[in-house]
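One letter stands for each residue in the lines below.
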Amino acid sequence: MTAFTRLLLLFGSLLLAAEVLASQPDLLEHQQHPETNEREVSADYYLRPEQPQAQPPENQQVDTTGIWYHLRQGRLSAARAEWLRLRQENPGWQTPADLQAAFARANRPSATTPEGPPPDPYLLAMGRLASLAANELDRVESAHLNDLGRQALTRERSDHLLLLGWIHLERSEPLLARDRFLQAGRLQASAPVSDGLATAYYQLALVALANEQSDELLEAARQSYTWGREGIYAELGWQAFDQEKWQQAYLLFAQAEPRESELFGRYLALQRLQRLDEARDLACLHREKSQRLREACYNLEVQLAWQAYDAGDYELARQGFDRLLLASPASTDLAEALEYTLQRLGQPQAWAVARERHPLLRAASRQQVAALAWARKQFDLATRLNGETGAGADWILSSGLHFRAKAGDTGTTRLQRLQGYLGASRLWKDWRLGVRLLGDHVDSGLPPAGSRFGSGSLTAANQTRALADNLAYSPEISLRQEEATFNLQASLRSLHATEAASGQLYASLKTDLFPAFGFLSARLFRQEVSDSLLSLHGAVDPADSSSWGTLADQGISLLGVFSLPATTSLAVSGSWGEVTGERVAANPHQNLRLDLSWNRPQLLPGDRLDYLRLGPFVEYSQWDKNLSGFAVQEGGYFSPQTYWRAGVQLQLLTLEKQNWQLASQAQLSWNASTEEGVSGDTENNGLGGDLLLEGSYRVAPHLLVGGYFQQAFAPDYQDSRLGLVLRVPLDARGWVISRDLPTSQAPGH
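Criteria and cut-off values
- Residues numbered from 1 in each chain as written.
- Predicted model: local features only at pLDDT ≥ 70, side-chain atom pairs only at ≥ 80, totals over all residues.
- Heavy atoms only, no water.
- Helix = DSSP H or I, 4+ residues; strand = E, 2+ residues; numbered from the N terminus.
- Expected span 1.5 Å × (residues − 1).
- Buried < 20%, exposed > 50% of the residue type's maximum accessible area, 1.4 Å probe, protein only.
- Disulfide = S-S within 2.5 Å.
- Pairing = 2+ DSSP bridges.
- Polar contact = N/O pair within 3.5 Å; in protein donor to acceptor, adjacent residues only side chain to side chain.
- Contact = heavy atoms within 4.5 Å.
- Salt bridge = Lys/Arg side-chain N within 4 Å of Asp/Glu carboxyl O.
- Axes fitted to C-alpha atoms, helices over the stretch in contact; angles between N-to-C directions.
- Parallel < 35°, antiparallel > 145°, perpendicular 65-115°, else oblique.
- Left-handed = near helix turned anticlockwise from the far one by under 90°.
- Nonpolar A, V, L, I, M, F, W, Y, C, P; charged D, E, K, R; others polar.
- pLDDT = per-residue confidence, 0-100.
- Phe/Tyr/Trp six-rings, centres within 6.5 Å; stacked < 30°, edge-to-face > 60°.
- Core = buried A, V, L, I, M, F, W, Y, C linked by side-chain atoms within 4.5 Å.

Participant: Could you clarify how one ought to interpret helix 10 (residues 191-210) in this entry?
Facilitator: For the α-helix, the turn length of 3.6 residues means that residues three or four positions removed from each other point alike. Look at helix 10: 29 Å from first C-alpha to last across 20 residues, which is about the 28 Å you get at 1.5 Å a residue. Taking burial as the measure, the 20 residues of helix 10 include 14 buried ones, the bulk of the element. E212, located one to two residues past helix 10, shows a positive phi value of around 55°.

Here it is, written out as structure tokens:
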């Protein structure tokens, strides 16, 4: 071929190249780097999405502008390097058919061989290398690649170094690839160099991840990020997570941008590492970023709080449930959980603070206290807490008749008593106020002539001067307060002066406490002694018409009830007092009693009992003096020096808040007493018993009717009582309760 022919061919090639460039202008401007993989997860998408790079569809759009540019420029090595880069960054990408055909044409040897110097062996080797298919690269000798690398560096061919770098990556040799890319970069910094280094360090990070080398992993990821792979931390983090390498996943997510997906990945890694406190803190700190982080925060808070509860760390559990309930104030489950924790914690101050902070707990606490108050027969407290009393009125008007007949000797131990009363009570704020006016008629008959009475023996002449019956009036006022931890009740009653004696003042102050082990009660009292006319209203000494008697028993009583397993309770009670009266010797006395009972309401069918208590008891009483006689300085009341009782008792009450209610108490015992006398001690032994039956019935919404009967007996002793009571609640009632029973000690009753 002549020189002119070669010049003509060269000129034609230039024209063809110009025509190609003219038909596709600005090819370089269309070349772009593959976009960095990012994980953007919608707020309501709870599961982690698949890796965008994993298993791409066959029609994935990959920018091949750079490859076409290099092919049209005749730079096969650069085109092959760009193709390898795209394969690395887009796993699963299938080379388009037109691009495969272009590579085939470029690799096809020319039909004619131009004259000139022999070809460069290095360039021929690089050309053959560039023409190899991807599956043929692994068969190339490493020594051959290393030799080509040294020559490319010597010849300062950065494009060839880039090609070798991508070939090493295709052969899974990231260290060698990194070195080639660094050499190319030292010759000429360019975007392809940065892409290569980012990919090489990415593969080095994968190697470190496989070997669980955390330091090397983080360093490789940092280098890849520095060279432009911005999503490297999240990308590697999810891969570590998929491989169940939780520590490496956490470290990688911790370095990632604080976007929702990366934060959620870090939360999941911490959760798998059982670093639940840190996971909760992270989720709660960023819970505004998505719904799933909010739910993660909530779920972990609940889990940690219950873990603390199960471990016995009730203070930590309280703090957790408190935070949760503040965030979800309408959650009844959280309110109950906090309530359980506070019960275990046992700190009243913590209870008070929690009720102030949480309306739902406040309401639940009120309901619980109300239910407990109802079980304790604190009806006013339960009514207040349940809001059932309109404006706190709850007026109740009462009236009743009580009759008692005690057998005995006429004029002395015999007693007939008729009491009538009118009363009213009203709930005012936290207090129930009650008032009553009692009329009390007592009759014992005239003592027989010759009996020892007053200063001496009665004669027929002065017999009628002894007091046989008497009528007295007594006003009474009483108050009662019921709270969640105590009751307080006080009463004051005066007995106006009678024909036989001056007036008397009676009072009572009682408090009930509800400790965890059961029940405690203490009472200060000054009360009547109702054994005879002499002890109640006094008597007249026929010898000189002077009066004596009208006794008052004053002292203190204590009661402790201890709850035992299997609905069993043990009660210990005792009292100390002293009986005094006009011209009557003071007489101290003591009492001690022990009760054991089992509550078995299920023994009767129908589920209609509030309680059925059955069990044994033993009781001991003692008075210093026997003042049972009717002489001056004596009081006419039973006062043995020793008195023992041992037996069984039963207490029964039907359900509260029904249209009717029945109650019963029964005791059967063996009694043994010893009384001192002038002629010696008198012992009296035998069976004794006491039976009380009472009930109330709602006749109408504003009318309740009740009645009772009581019978007691012992050796030389018979006592019968009965009564009728009417109550008028001004607030309409649909039921009756045990406070409405005839023997109730409520104010105004």
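Participant: Help me understand the state of the cysteines in this model?
Facilitator: In a disulfide, the sulfur atoms of two cysteines are covalently bonded to one another. The full count for this structure, using the stated rule, is 1 disulfide. For C284, the disulfide goes to C297, at an S-S distance of 1.9 Å. Measuring handedness by torsion sign, the sulfur bridge of C284 and C297 sits at about 90° and is right-handed. Residue C284 is located in helix 15 (residues 276-285), and its partner C297 is located in helix 16 (residues 291-310); the two are separated by 13 residues in the primary sequence. An identical accessibility class is assigned to C284 and C297; each is buried.

Participant: It is not clear to me how the pairing of strand 11 (residues 547-564) should be interpreted in this structure. Could you clarify?
Facilitator: In summary, the side chains of a regular strand alternate between the two faces of the sheet. Pairing between strand 9 (residues 518-528) and strand 11: 11 bridges, direction antiparallel. Counterpart to R526 in the pairing with strand 11 is Q554. Pairing analysis gives 2 bridges linking strand 10 (residues 539-540) to strand 11, with the strands arranged antiparallel. Looking at the pairing, A539 lines up with W548 of strand 11.

Participant: Which parts of the structure should I look at to understand the side chain of N591?
Facilitator: When you line up the elements, N591 lands in strand 13 (residues 584-599). At 2.9 Å, the side chain of N591 and the side chain of E619 are in polar contact. The residues touching N591, leaving out its near neighbours within four places in the chain, are S573, G574, S575, E619, Y620 and S621.

Participant: Sorry, what's going on with the pattern of salt bridges here?
Facilitator: For side chains of opposite charge, pairing can occur when their charged atoms come near one another. For the coordinates displayed, the defined rule picks out 34 salt bridges. A salt bridge links R229 to E235; the nearest nitrogen and oxygen atoms lie 3.3 Å apart. Assigned by exposure class, R229 and E235 land together as buried. One salt bridge connects E619 with R593, and the closest N-O pair in it is separated by 3.3 Å. Of the two residues, E619 is situated in strand 14 (residues 609-623) and R593 in strand 13; the sequence distance between them amounts to 26 residues. R593 carries the same exposure label as E619, and that label is buried. Members of the salt-bridge network, linked through shared partners, are D277, R280, D281, E301 and R323.

Participant: Looking at this structure, I do not really get the packing of helix 9 (residues 174-187) against helix 10. What am I missing?
Facilitator: Axes are the key here: two packed helices are described by the angle between their axes and the distance separating the axes. Packing of helix 9 against helix 10 brings their axes to within 9 Å, and their N-to-C directions diverge by 160°. Here helix 10 runs roughly antiparallel to helix 9, going by the angle between their axes. When the axes of helix 9 and helix 10 are compared, the crossing they make is left-handed. Two secondary-structure elements touch here, helix 9 through P174, L175, A177, R178, F181, L182, A184 and G185 and helix 10 through V193, G196, L197, A200, Y201, Q203, L204 and V207. A class-by-class count of the residues in the contact of helix 9 with helix 10 yields 12 nonpolar, 3 polar and 1 charged.

Participant: Could you clarify how one ought to interpret the confidence of the model for the chain in this entry?
Facilitator: The predicted structure's coordinates, where accompanied by low pLDDT, should not be read in detail. A residue-level look at the chain finds 85% of positions with pLDDT of 70 or above and a mean pLDDT of 83. Counting contacts from residues 1-59, a segment whose pLDDT is below 50, to residues more than four positions away or on other chains yields 74 contacts.

Participant: What exactly am I supposed to notice about the environment of D322 here?
Facilitator: With respect to the element layout, D322 can be found in helix 17 (residues 314-327). The spacing of D322 and R357 is 35 residues in sequence and 8.7 Å in space, taken between C-alpha atoms. Dropping the residues within four chain positions of it, D322 is found in contact with L338, R357 and H358.

Participant: Would you take a moment to explain the packing of aromatic side chains for this structure?
Facilitator: Between two aromatic rings, the relevant description is the distance of the centres plus the angle of the planes. Summed over all chains, the structure comprises 17 aromatic pairs. Both rings, one in Y309 and one in Y314, keep their centres 5.4 Å apart while their planes meet at 70°; by these two values the pair is edge-to-face. Y309 gets classed as buried once you look at its relative accessible area, which sits at 15%. A centroid spacing of 6.5 Å and a plane angle of 85° characterise the contact between W374 and W735, whose relative ring orientation is edge-to-face. In this pair, W374 is assigned in helix 20 (residues 359-375) and W735 in the segment after strand 19 (717-729), connecting sequence segments 361 residues apart. W735 sits in the partly exposed class, given a relative accessible area of 22%. Taken together, the ring pairs connect W238, F241, W246 and F253 into an aromatic cluster.

Participant: Just to check I follow, could you spell out the packing of helix 16 against helix 17 for this structure?
Facilitator: For the pair helix 16 and helix 17, the least separation of the axes is 7 Å and the interaxial angle reads 155°. Classified by the interaxial angle, the pair formed by helix 16 and helix 17 is roughly antiparallel. Viewed along their axes, helix 16 and helix 17 form a crossing whose handedness is left-handed. Counting all contacts with helix 16, which are made through Y298, E301, V302, A305, W306, A308 and Y309, the residues of helix 17 involved are Y314, L316, A317, G320, F321, R323 and L324. Looking at the contact of helix 16 with helix 17 residue by residue, the class counts come to 11 nonpolar, 1 polar and 2 charged.

Participant: Just to check I follow, could you spell out the environment of G615 for this structure?
Facilitator: Inspection of the secondary structure puts G615 in strand 14. Under the relative-accessibility criterion, G615 is labelled buried at 6%. Between the C-alpha atom of G615 and that of G647, which follows or precedes it by 32 residues, the distance is 8.6 Å. In this view, G615 contacts L596, S597, W598, G647, V648 and Q649; residues no more than four positions away in its chain are not counted.

Participant: Would you take a moment to explain the nonpolar core for this structure?
Facilitator: If you look at soluble globular proteins, the nonpolar side chains tend to sit buried side by side. In this structure, I67, L129, F181, L236 and Y267 are the most contacted members of the largest nonpolar core, which totals 72 residues. Element by element, the count of residues in this core is highest for helix 10, at 9 residues. Among residues more than four places away in sequence, those in contact with I67 are A79, E82, W83, L86, L99 and F103. Y314, L325, L345 and A350 belong to the second largest nonpolar core, which has 17 residues in total.

Participant: Teacher, can you tell me more about unusual backbone geometry here?
Facilitator: Leaving glycine out, the prevailing phi sign among residues is negative, and the prevailing peptide bond configuration is trans. Look at S172: it is not a glycine, yet its phi comes out positive at around 60°. With respect to the helices and strands, S172 occurs in the loop between helix 8 (158-170) and helix 9. Classification of S172 by relative accessible area gives exposed; the value is 58%. Phi is positive for Q274, close to 65°, though the residue is something other than glycine.

Participant: What am I meant to see in the pairing of strand 13 here?
Facilitator: The sheet contact formed by strand 12 (residues 568-582) and strand 13 spans 13 bridges and is antiparallel. Looking across to strand 13, one finds that L570 is bridged to L596. Remark: 1 residue form the turn of the hairpin made by strand 12 and strand 13, two consecutive strands paired antiparallel; R583 in that turn has positive phi of roughly 55°. Sheet analysis places strand 13 next to strand 14, joined by 9 bridges and oriented antiparallel. Looking across to strand 14, one finds that Q590 is bridged to Q622.

Participant: Looking at this structure, I do not really get the side chain of K406. What am I missing?
Facilitator: With respect to the helices and strands, the residue K406 is situated in strand 1 (residues 396-406). There is a polar contact of 2.7 Å between the side chain of K406 and the backbone oxygen of T413.

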